[in-house]
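Structural overview for review
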Amino acid sequence: MTVISLIFVGLIMLYKKELGISSIDAKIALKELHIIIGYVFAVNLLVRIVWGFIGNQYARWSYIFPGKGFIKEVSHYKMSIKEGNPQQFIGHNPLGRLAISFILFLLIILAMSGIIRAGTDVYYPPLGSYFAEYVADSGVNPDTIIPYNPTGTNETKVKELKAFKGPIGKIHLYSAYTLMFIIFVHIFFVVLTEVREGGGLITAMFTGKKVLNRKPLDFEQ
Ligand code: HEM
(Lines give C-alpha, C1' and ligand atoms only; values in the text may rest on other atoms or scores of the structure.)
Protein backbone atom coordinates (compact mmCIF):
# COMPACT_ATOMS: atom_id res chain seq x y z
CA MET A 1 0.00 0.00 0.00
CA THR A 2 2.81 2.42 0.81
CA VAL A 3 4.42 1.69 -2.56
CA ILE A 4 1.14 2.40 -4.37
CA SER A 5 0.69 5.64 -2.38
CA LEU A 6 4.30 6.66 -3.14
CA ILE A 7 3.79 6.01 -6.84
CA PHE A 8 0.50 7.93 -6.72
CA VAL A 9 1.95 11.00 -4.95
CA GLY A 10 5.16 10.68 -7.00
CA LEU A 11 3.16 10.84 -10.23
CA ILE A 12 1.28 13.92 -9.00
CA MET A 13 4.68 15.49 -8.26
CA LEU A 14 5.87 14.64 -11.75
CA TYR A 15 2.77 16.03 -13.48
CA LYS A 16 2.15 18.95 -11.12
CA LYS A 17 2.36 21.50 -13.93
CA GLU A 18 -0.20 19.63 -16.02
CA LEU A 19 -2.39 19.36 -12.90
CA GLY A 20 -2.17 23.10 -12.37
CA ILE A 21 -0.10 22.89 -9.18
CA SER A 22 2.40 25.74 -9.44
CA SER A 23 2.85 27.33 -6.01
CA ILE A 24 6.09 26.53 -4.22
CA ASP A 25 4.15 25.78 -1.00
CA ALA A 26 2.05 23.13 -2.74
CA LYS A 27 5.21 21.66 -4.28
CA ILE A 28 6.84 21.40 -0.84
CA ALA A 29 3.66 20.00 0.74
CA LEU A 30 3.52 17.24 -1.89
CA LYS A 31 7.15 16.41 -1.27
CA GLU A 32 6.58 16.33 2.50
CA LEU A 33 3.58 14.03 2.09
CA HIS A 34 5.59 11.74 -0.19
CA ILE A 35 8.47 11.71 2.30
CA ILE A 36 6.24 10.87 5.30
CA ILE A 37 4.76 7.91 3.42
CA GLY A 38 8.36 7.18 2.35
CA TYR A 39 9.42 6.79 5.99
CA VAL A 40 6.65 4.24 6.63
CA PHE A 41 7.75 2.42 3.49
CA ALA A 42 11.45 2.51 4.48
CA VAL A 43 10.68 1.07 7.96
CA ASN A 44 8.54 -1.64 6.34
CA LEU A 45 11.34 -2.45 3.94
CA LEU A 46 13.85 -2.67 6.76
CA VAL A 47 11.58 -5.03 8.71
CA ARG A 48 11.19 -7.21 5.60
CA ILE A 49 14.95 -7.28 5.04
CA VAL A 50 15.51 -8.38 8.66
CA TRP A 51 12.67 -10.93 8.32
CA GLY A 52 14.63 -12.40 5.43
CA PHE A 53 17.29 -13.44 7.93
CA ILE A 54 15.12 -14.64 10.82
CA GLY A 55 11.79 -15.56 9.20
CA ASN A 56 10.49 -18.89 7.98
CA GLN A 57 12.29 -20.99 5.38
CA TYR A 58 10.36 -19.59 2.40
CA ALA A 59 10.78 -15.95 3.44
CA ARG A 60 14.56 -16.17 3.79
CA TRP A 61 16.89 -14.43 1.38
CA SER A 62 18.95 -17.60 1.22
CA TYR A 63 15.84 -19.29 -0.23
CA ILE A 64 14.74 -16.40 -2.45
CA PHE A 65 17.97 -15.09 -3.99
CA PRO A 66 19.02 -17.04 -7.06
CA GLY A 67 22.06 -19.08 -6.10
CA LYS A 68 24.12 -21.92 -7.52
CA GLY A 69 22.16 -24.08 -9.95
CA PHE A 70 19.58 -21.35 -10.56
CA ILE A 71 19.75 -21.65 -14.36
CA LYS A 72 19.03 -25.36 -14.03
CA GLU A 73 16.09 -24.69 -11.72
CA VAL A 74 14.63 -22.27 -14.26
CA SER A 75 15.10 -24.65 -17.17
CA HIS A 76 13.50 -27.53 -15.21
CA TYR A 77 10.64 -25.28 -14.24
CA LYS A 78 10.15 -24.11 -17.83
CA MET A 79 10.36 -27.67 -19.12
CA SER A 80 7.74 -28.81 -16.60
CA ILE A 81 5.40 -26.08 -17.85
CA LYS A 82 5.97 -27.14 -21.46
CA GLU A 83 5.23 -30.75 -20.55
CA GLY A 84 1.92 -29.64 -19.07
CA ASN A 85 2.94 -30.81 -15.59
CA PRO A 86 4.24 -27.64 -13.93
CA GLN A 87 6.36 -27.96 -10.78
CA GLN A 88 4.63 -26.48 -7.77
CA PHE A 89 6.24 -24.70 -4.82
CA ILE A 90 5.18 -23.70 -1.30
CA GLY A 91 7.46 -20.69 -1.65
CA HIS A 92 8.02 -18.86 -4.91
CA ASN A 93 8.81 -20.41 -8.26
CA PRO A 94 12.33 -19.70 -9.62
CA LEU A 95 11.20 -16.89 -11.91
CA GLY A 96 9.15 -15.35 -9.10
CA ARG A 97 12.28 -15.42 -6.94
CA LEU A 98 14.22 -13.58 -9.63
CA ALA A 99 11.48 -10.94 -9.85
CA ILE A 100 11.43 -10.49 -6.06
CA SER A 101 15.21 -10.10 -5.93
CA PHE A 102 15.13 -7.41 -8.59
CA ILE A 103 12.17 -5.61 -6.97
CA LEU A 104 13.96 -5.68 -3.61
CA PHE A 105 17.04 -4.15 -5.23
CA LEU A 106 14.92 -1.37 -6.77
CA LEU A 107 13.13 -0.70 -3.46
CA ILE A 108 16.44 -0.33 -1.63
CA ILE A 109 17.69 2.11 -4.30
CA LEU A 110 14.41 4.06 -4.08
CA ALA A 111 14.54 4.24 -0.29
CA MET A 112 18.19 5.34 -0.25
CA SER A 113 17.90 7.94 -3.04
CA GLY A 114 14.57 9.15 -1.56
CA ILE A 115 16.06 9.64 1.89
CA ILE A 116 18.98 11.58 0.39
CA ARG A 117 16.59 13.82 -1.60
CA ALA A 118 14.43 14.31 1.51
CA GLY A 119 17.55 15.73 3.13
CA THR A 120 18.72 17.88 0.21
CA ASP A 121 15.27 19.26 -0.74
CA VAL A 122 13.45 19.95 2.51
CA TYR A 123 16.15 19.19 5.09
CA TYR A 124 14.24 16.23 6.51
CA PRO A 125 15.95 13.65 8.73
CA PRO A 126 18.09 11.64 8.88
CA LEU A 127 20.41 13.64 6.55
CA GLY A 128 18.65 17.02 6.44
CA SER A 129 20.54 18.69 9.28
CA TYR A 130 23.81 17.71 7.61
CA PHE A 131 22.77 19.30 4.26
CA ALA A 132 21.36 22.41 5.99
CA GLU A 133 24.66 22.83 7.80
CA TYR A 134 26.50 22.44 4.48
CA VAL A 135 24.57 25.18 2.61
CA ALA A 136 24.33 27.61 5.57
CA ASP A 137 26.44 30.75 5.22
CA SER A 138 29.10 31.19 7.91
CA GLY A 139 27.55 32.42 11.15
CA VAL A 140 24.02 31.37 10.11
CA ASN A 141 22.17 28.86 12.27
CA PRO A 142 21.34 25.91 9.92
CA ASP A 143 17.99 25.44 11.72
CA THR A 144 16.82 28.78 10.33
CA ILE A 145 17.30 27.75 6.69
CA ILE A 146 14.02 27.36 4.82
CA PRO A 147 13.65 25.00 1.83
CA TYR A 148 13.62 26.78 -1.57
CA ASN A 149 14.55 30.06 0.11
CA PRO A 150 18.06 31.46 -0.45
CA THR A 151 18.10 33.50 2.77
CA GLY A 152 21.11 32.56 4.90
CA THR A 153 22.55 30.15 2.35
CA ASN A 154 25.87 30.23 0.56
CA GLU A 155 25.32 30.48 -3.21
CA THR A 156 28.28 28.30 -4.20
CA LYS A 157 27.35 25.61 -1.69
CA VAL A 158 23.73 25.63 -2.90
CA LYS A 159 24.99 25.16 -6.48
CA GLU A 160 27.20 22.28 -5.36
CA LEU A 161 24.27 20.66 -3.54
CA LYS A 162 22.13 21.05 -6.69
CA ALA A 163 24.79 19.32 -8.79
CA PHE A 164 24.87 16.48 -6.26
CA LYS A 165 21.12 16.02 -5.87
CA GLY A 166 20.37 16.08 -9.62
CA PRO A 167 21.72 12.60 -10.43
CA ILE A 168 20.22 11.20 -7.19
CA GLY A 169 16.80 12.48 -8.34
CA LYS A 170 17.34 10.86 -11.74
CA ILE A 171 18.22 7.53 -10.10
CA HIS A 172 15.07 7.85 -7.96
CA LEU A 173 12.88 8.67 -10.94
CA TYR A 174 14.19 5.94 -13.26
CA SER A 175 14.02 3.36 -10.46
CA ALA A 176 10.39 4.40 -9.92
CA TYR A 177 9.66 3.98 -13.66
CA THR A 178 11.35 0.56 -13.69
CA LEU A 179 9.41 -0.47 -10.58
CA MET A 180 6.10 0.54 -12.17
CA PHE A 181 6.95 -1.47 -15.28
CA ILE A 182 8.06 -4.52 -13.25
CA ILE A 183 4.94 -4.39 -11.07
CA PHE A 184 2.83 -4.40 -14.21
CA VAL A 185 4.74 -7.32 -15.78
CA HIS A 186 4.82 -9.16 -12.43
CA ILE A 187 1.04 -8.92 -11.95
CA PHE A 188 0.54 -10.12 -15.53
CA PHE A 189 2.68 -13.23 -14.94
CA VAL A 190 1.20 -13.97 -11.50
CA VAL A 191 -2.27 -14.03 -13.02
CA LEU A 192 -1.00 -16.10 -15.97
CA THR A 193 0.63 -18.62 -13.54
CA GLU A 194 -2.59 -18.88 -11.55
CA VAL A 195 -4.66 -19.48 -14.68
CA ARG A 196 -2.24 -21.93 -16.31
CA GLU A 197 -0.97 -23.85 -13.32
CA GLY A 198 -3.40 -23.38 -10.47
CA GLY A 199 -1.70 -23.52 -7.10
CA GLY A 200 -3.62 -20.73 -5.48
CA LEU A 201 -0.88 -18.10 -5.69
CA ILE A 202 -3.35 -15.23 -5.42
CA THR A 203 -5.41 -17.00 -2.72
CA ALA A 204 -2.16 -17.49 -0.75
CA MET A 205 -1.54 -13.74 -0.73
CA PHE A 206 -4.68 -13.31 1.37
CA THR A 207 -4.84 -16.52 3.39
CA GLY A 208 -1.16 -17.47 3.59
CA LYS A 209 -2.11 -20.93 2.32
CA LYS A 210 -1.56 -22.34 -1.12
CA VAL A 211 -3.92 -24.94 -2.49
CA LEU A 212 -1.64 -27.41 -4.28
CA ASN A 213 -2.69 -30.55 -6.07
CA ARG A 214 0.80 -32.10 -6.30
CA LYS A 215 3.71 -32.50 -3.90
CA PRO A 216 5.57 -29.17 -3.87
CA LEU A 217 9.20 -29.37 -4.94
CA ASP A 218 10.52 -27.32 -2.02
CA PHE A 219 8.78 -29.27 0.75
CA GLU A 220 11.20 -30.97 3.14
CA GLN A 221 10.15 -33.29 5.89
C1 HEM B 1 8.54 2.61 -3.71
C2 HEM B 1 9.15 3.69 -3.33
C3 HEM B 1 9.10 5.04 -4.03
C4 HEM B 1 8.59 5.38 -5.24
C5 HEM B 1 7.90 4.49 -6.27
C6 HEM B 1 8.82 6.82 -5.41
C7 HEM B 1 8.45 7.55 -6.52
C8 HEM B 1 8.77 8.88 -6.75
C9 HEM B 1 8.46 9.64 -7.93
C10 HEM B 1 7.72 9.09 -9.15
C11 HEM B 1 8.95 10.89 -7.75
C12 HEM B 1 8.83 12.07 -8.71
C13 HEM B 1 10.16 12.33 -9.33
C14 HEM B 1 10.33 13.72 -9.83
O15 HEM B 1 9.52 14.63 -9.53
O16 HEM B 1 11.34 13.94 -10.53
C17 HEM B 1 9.57 10.94 -6.45
C18 HEM B 1 10.21 12.03 -5.92
C19 HEM B 1 10.72 12.09 -4.64
N20 HEM B 1 10.73 11.08 -3.70
FE21 HEM B 1 10.10 9.20 -4.00
N22 HEM B 1 9.46 7.28 -4.30
C23 HEM B 1 9.64 6.24 -3.43
C24 HEM B 1 10.23 6.27 -2.18
C25 HEM B 1 10.68 7.42 -1.56
C26 HEM B 1 11.22 7.48 -0.21
C27 HEM B 1 11.40 6.28 0.72
C28 HEM B 1 11.55 8.77 0.03
C29 HEM B 1 12.14 9.41 1.26
C30 HEM B 1 11.87 9.09 2.48
C31 HEM B 1 11.24 9.53 -1.18
C32 HEM B 1 11.48 10.87 -1.36
C33 HEM B 1 11.30 11.55 -2.55
C34 HEM B 1 11.68 12.95 -2.75
C35 HEM B 1 12.36 13.87 -1.73
C36 HEM B 1 11.33 13.28 -4.06
C37 HEM B 1 11.55 14.60 -4.77
C38 HEM B 1 12.78 14.46 -5.61
C39 HEM B 1 12.70 15.25 -6.86
O40 HEM B 1 11.97 16.24 -6.94
O41 HEM B 1 13.40 14.83 -7.83
N42 HEM B 1 10.71 8.67 -2.12
N43 HEM B 1 9.45 9.70 -5.86
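Anything mentioned here points back to the structure above.
A few points on the structure.

Rules used throughout
Residues numbered from 1 in each chain as written. Predicted model: local features only at pLDDT ≥ 70, side-chain atom pairs only at ≥ 80, totals over all residues. Heavy atoms only, no water. Helix = DSSP H or I, 4+ residues; strand = E, 2+ residues; numbered from the N terminus. Expected span 1.5 Å × (residues − 1). Buried < 20%, exposed > 50% of the residue type's maximum accessible area, 1.4 Å probe, protein only. Contact = heavy atoms within 4.5 Å. Polar contact = N/O pair within 3.5 Å; in protein donor to acceptor, adjacent residues only side chain to side chain. Near = heavy atom within 4 Å. 1 Å grid on protein atoms, 1.4 Å probe; cavity = no way out; pocket = protein on both sides within 12 Å on 5 of 7 lines; lining within 4 Å. Sits in = over half its atoms within 2 Å of the grid points. Nonpolar A, V, L, I, M, F, W, Y, C, P; charged D, E, K, R; others polar.

**Concerning helix H7 (residues 155-197)**
Because the α-helix completes a turn every 3.6 residues, residues three or four places apart line up on one side. Compared with an ideal rise of 1.5 Å per residue, which puts 43 residues at 63 Å, H7 spans 61 Å between its outermost C-alpha atoms and is within 8% of the ideal. Of the positions making up H7, those classed as buried are Leu161, Lys165, Ile168, Gly169, Ser175, Ala176, Leu179, Ile182, Val190, Thr193 and Glu197. Packed against the buried residues of H7 are helix H1 (2-14), helix H4 (70-82), helix H5 (94-122), helix H6 (128-135) and helix H8 (201-207). Its side-chain oxygen placed 3.0 Å from the backbone nitrogen of threonine 156, asparagine 154 serves as the N-cap of H7.

**A few points about the site of the ligand**
Surrounding the ligand, one finds 23 residues, the nearest of these being Lys31, His34, Gly114, Arg117 and His172. Take lysine 31: an N or O atom from its side chain is 3.3 Å from an oxygen atom of the ligand. The contact in question runs from a nitrogen atom of the ligand to an N or O atom on the side chain of histidine 172, over 2.8 Å. For the ligand, the cavity whose grid points lie within 2 Å of the majority of its atoms is the second largest pocket. Those elements that provide at least two residues to the shell around the ligand are H1, helix H2 (24-54), H5 and H7. For the shell around the ligand, the element with the highest residue contribution is H5, accounting for 8 residues. Of the residues that constitute the shell around the ligand, the class distribution is 15 nonpolar, 5 polar and 3 charged.

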